[in-house]
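# Structural overview
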Amino acid sequence: MKYLVRLLMIALVFLFTVTNLYAEQKKEIKVGDYWWNQPPGEKLAENPHKKVLPLISVKGNEFINPKGETVILRGLAISDPDKLERQGYWNKKHFEEMKEMGANLVRIPIHPIAWRERTPEVYLKLLDDAVKWCTELKMYVIIDWHSIGNLKMELFQDPYYETTKKETYEFWRTIADHFKGNNTIAFYEIFNEPTLFFGRLGSMTWSEWRKISEDIINLIRAYDGETIPLVAGFDWAYDLKSIRDEPINAEGIGYTAHPYPFKRKKPWEPKWDEDFGFAKSKYPVLATEFGFVPEEIEKDGNKGYGEIIIGYLEERGISWVGWIFDADWNPKMIKSWEDYELTGSGDFFKKALQGKIDKDK
């Protein structure tokens, strides 16, 4: 009996304690603390440097500056800022090295896995760094949602490209709202490389991809009406033939091409004309990714590719970005992080950026 009484007393004390704690907690919560009474998020301070660089816009099949002059941009792609920051190389020096090579455009690939793991709020701080450095160095920026696969069916080539339509829409809503009015951000590359991987990533028609692209563009423009959206074709952003009959229903956009040497066999030029070069007669085209290893190009039967692709793009007034200014990802342009010594690829692109390539070689 004494044992039961003791248990009852312990239970009553526990109940009394819990009740008091709950009561105290309720006292601490004021009416204004509930989520429905919270004010909107803090408004970011206006960036005083966002209009330093002249705005790039679209006129016909050209990118132009505010004076109406045609602008040809030549640049380099970096690796994901998340990677660079974790390795200790996210700093202005990295961008200064590209400027020294002759770049006036930097492509920043953002992998969905990095965006999620770091969280958008924290990742935006990395991008703010890049935009600040590029503004100071007078280089424009492409923000690239770096996924590869079939966005309609949400099937992707590798785990780090995994995303969803909702996440993609949220990404662009966040980016466009954050960077609206900033002239340094010249382009939004809405999806890196659409591909069905010979059916291994399901099915998607061009009409379906066109609709998804238009939805993303319309969403971006609800926040940012100035930055230029870039749209890729199928076959890993190489094939634009579908826009002959079904161009994207949006003004002021550009199309991308990734003309790697292995995409077609020699002679390249007539095949490039057929696959993506024709588009330049009506729309701006930007070759946002291509690269090669000079030491391997000859044994692969692609001798002369570098000189030929640069000559092809330059003759047609197509802006371009070489892949990739990094010491790890291939075809890497840097031998060592310590002294930024260039590889054969890096040396080639430095000469290309400075107009020192013999295009008739």
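Sequence order as written defines the numbering, with residues in each chain counted from 1. Local features are withheld for residues below a pLDDT of 70 in this predicted model, meaning they are given only at 70 or higher, and side-chain atom pairs are given and counted only at 80 or more; totals for whole chains, interfaces and linings count all residues. Working from all heavy atoms in the structure, the side-chain values ignore hydrogens and water.

## Quick notes on the overall build of the protein chain
Each helix corresponds to a stretch of at least 4 residues labelled H or I by DSSP, and each strand to a stretch of at least 2 residues labelled E; elements are numbered beginning at the N terminus. For the protein chain, the count of helices and strands is 12 helices and 13 strands. Residue contacts follow a heavy-atom distance rule, with two residues in contact if any of their heavy atoms lie within 4.5 Å. Long-range pairs, those at least 24 residues apart, make up 77% of the contacts in the protein chain with a sequence separation of at least 6. Only the protein chains shown count as covering a residue, and every accessible area follows the Shrake-Rupley method with a 1.4 Å probe. For the protein chain, the computed accessible surface area is about 18100 Å², with 55% contributed by carbon and sulfur atoms.

## Observations regarding the packing of aromatic side chains
Stacked, tilted and edge-to-face are the three classes assigned to paired rings of Phe, Tyr and Trp, where Trp is represented by its six-membered ring and a pair needs centres within 6.5 Å; plane angles under 30 degrees give stacked, over 60 edge-to-face, the rest tilted. Enumeration over the complete set of coordinates arrives at 34 aromatic pairs. With 5.6 Å between their ring centres and 55° between their planes, Trp115 and Tyr123 make a pair best called tilted. Its relative accessible area of 4% is what places Trp115 among the buried residues. A 1.4 Å probe rolled over the protein chains alone gives each residue an accessible area, and that area as a share of the maximum for its type sets the label: buried under 20%, exposed over 50%, partly exposed in between. Under the relative-accessibility criterion, Tyr123 is labelled buried at 0%. An aromatic cluster is built from Tyr238, Trp268, Trp272, Phe276, Phe290, Phe292, Tyr305, Tyr312, Trp320, Phe348 and Phe349, whose rings are joined through pairwise contacts. The criterion is that NZ of a Lys, or CZ of an Arg, lies within 6 Å of the ring centre and within 35 degrees of the ring normal, and then a charge sits over that ring. Residue placement shows Arg316 over the ring face of Tyr312; its charged tip is 3.6 Å from the ring centre.

## What to know about the pattern of salt bridges
The salt bridge criterion pairs a side-chain nitrogen of Lys or Arg with a carboxyl oxygen of Asp or Glu, the two atoms within 4 Å. Applying the stated criterion across every chain, the model contains 33 salt bridges. Measuring nitrogen to oxygen at the nearest pair gives 3.5 Å for the salt bridge that ties Glu226 to Lys51. Note that Glu226 is positioned in the loop between helix H7 (206-223) and strand E10 (228-231) and Lys51 in the loop between helix H1 (2-28) and strand E1 (57-59), a separation of 175 residues in sequence. Classification of Glu226 as partly exposed rests on a relative accessible area of 36%. Arg107 is the salt-bridge partner of Asp144, the closest N and O atoms lying 3.2 Å from each other. Taken as a pair, Asp144 in strand E5 (residues 140-145) and Arg107 in strand E4 (residues 105-110) lie far apart in primary sequence, 37 residues in all. There is no split in this pair, since Asp144 and Arg107 are both buried. One network of salt bridges, with partners in common, ties together Asp235, Asp239, Lys241, Lys263, Arg264 and Asp275.

## Quick look at helix H5 (residues 120-137)
For H5, with 18 residues, the first-to-last C-alpha span of 25 Å sits near the 26 Å given by 1.5 Å per residue. Those residues of H5 that fall on the buried side of the exposure criterion are Tyr123, Leu124, Leu126, Leu127, Ala130, Val131, Trp133, Cys134, Thr135 and Leu137. Of the residues one or two after H5, Lys138 is the one with positive phi, at around 60°. Each helix should span, by expectation, one fewer than its residue count multiplied by 1.5 Å.

## Examining the environment of Ile217
Within the fold, Ile217 resides in helix H7. What makes Ile217 buried here is its relative accessible area of 1%. If sequence neighbours within four positions are ignored, Ile217 has contacts with Pro229, Val231, Ile248, Ala250 and Ile253.

## What about the side chain of His146?
Assignment of secondary structure puts His146 in the loop between E5 and strand E6 (148-150). Identification of polar contacts relies on pairs of N or O atoms within 3.5 Å, with a donor-acceptor requirement for protein atoms, meaning one able to donate a hydrogen and the other able to accept it, and with residues adjacent in sequence counted only if both atoms are side-chain atoms. Within polar-contact distance, the side chain of His146 engages the side chain of Asp144 at 2.6 Å.

## Brief notes about the packing of helix H6 (residues 165-179) against H7
Taken N-terminus to C-terminus, the directions of H6 and H7 make an angle of 30°; their axes are 8 Å apart at the nearest point. It follows from the interaxial angle that H6 and H7 lie roughly parallel. Of the two elements, H6 crosses H7, and the hand of that crossing is right-handed. Taking contact as the criterion, the partners of Lys165, Thr168, Tyr169, Trp172, Arg173, Ala176 and Asp177 in H6 are, on H7, Ile212, Asp215, Ile216, Leu219, Ile220 and Tyr223. In this classification, Asp, Glu, Lys and Arg are treated as charged, Ala, Val, Leu, Ile, Met, Phe, Trp, Tyr, Cys and Pro as nonpolar, and every other residue, Gly included, as polar. Class assignment for the residues of the contact of H6 with H7 results in 8 nonpolar, 1 polar and 4 charged. Inter-axis angles, ranging from 0 to 180 degrees, are taken between N-to-C directions of lines fitted to C-alpha atoms, where helices are fitted over the stretch in contact. Angles are sorted into four bins: roughly parallel if under 35 degrees, roughly antiparallel if over 145, roughly perpendicular if 65 to 115, and oblique for all others. Handedness of each helix crossing follows the sense of rotation of the near helix against the far helix: counterclockwise by less than a right angle gives left-handed, clockwise gives right-handed.

## Considerations on the nonpolar core
The nonpolar side chains of a soluble globular protein tend to be buried with one another. With 86 residues, the main nonpolar core has Phe95, Ile143, Trp172 and Ile175 as its most contacted residues. Ranked by residue count, the leading element in this core is H5, at 9 residues. Excluding residues within four positions of it along the chain, Ile175 makes contact with Trp115, Leu124, Leu127, Ile143 and Tyr188. Residues belong to a common nonpolar core when they are buried Ala, Val, Leu, Ile, Met, Phe, Trp, Tyr or Cys residues joined through side-chain atoms within 4.5 Å. In this structure, Ile56, Tyr140, Ala186 and Leu286 belong to the second largest nonpolar core, which totals 18 residues.

## Considerations on the sheet that holds strand E13 (residues 319-322)
Read once around its circumference, the closed barrel built from 8 strands follows the order E3-E4-E5-E8-E10-E11-E12-E13, with strand pairing classed as parallel. For this sheet, the mean inter-axis angle between neighbouring strands, taken without regard to orientation, is 25°. Pairing between two strands is assigned when DSSP locates at least 2 bridges connecting them. Bridge count between strand E12 (residues 285-290) and E13: 3 bridges; the pairing is parallel. Each residue of the ladder has a partner; that of Leu286, found in E13, is Ser319. Its contacts with the sheet place H6 against E4, E5 and strand E8 (185-189), and it is angled at close to 160° to E5.

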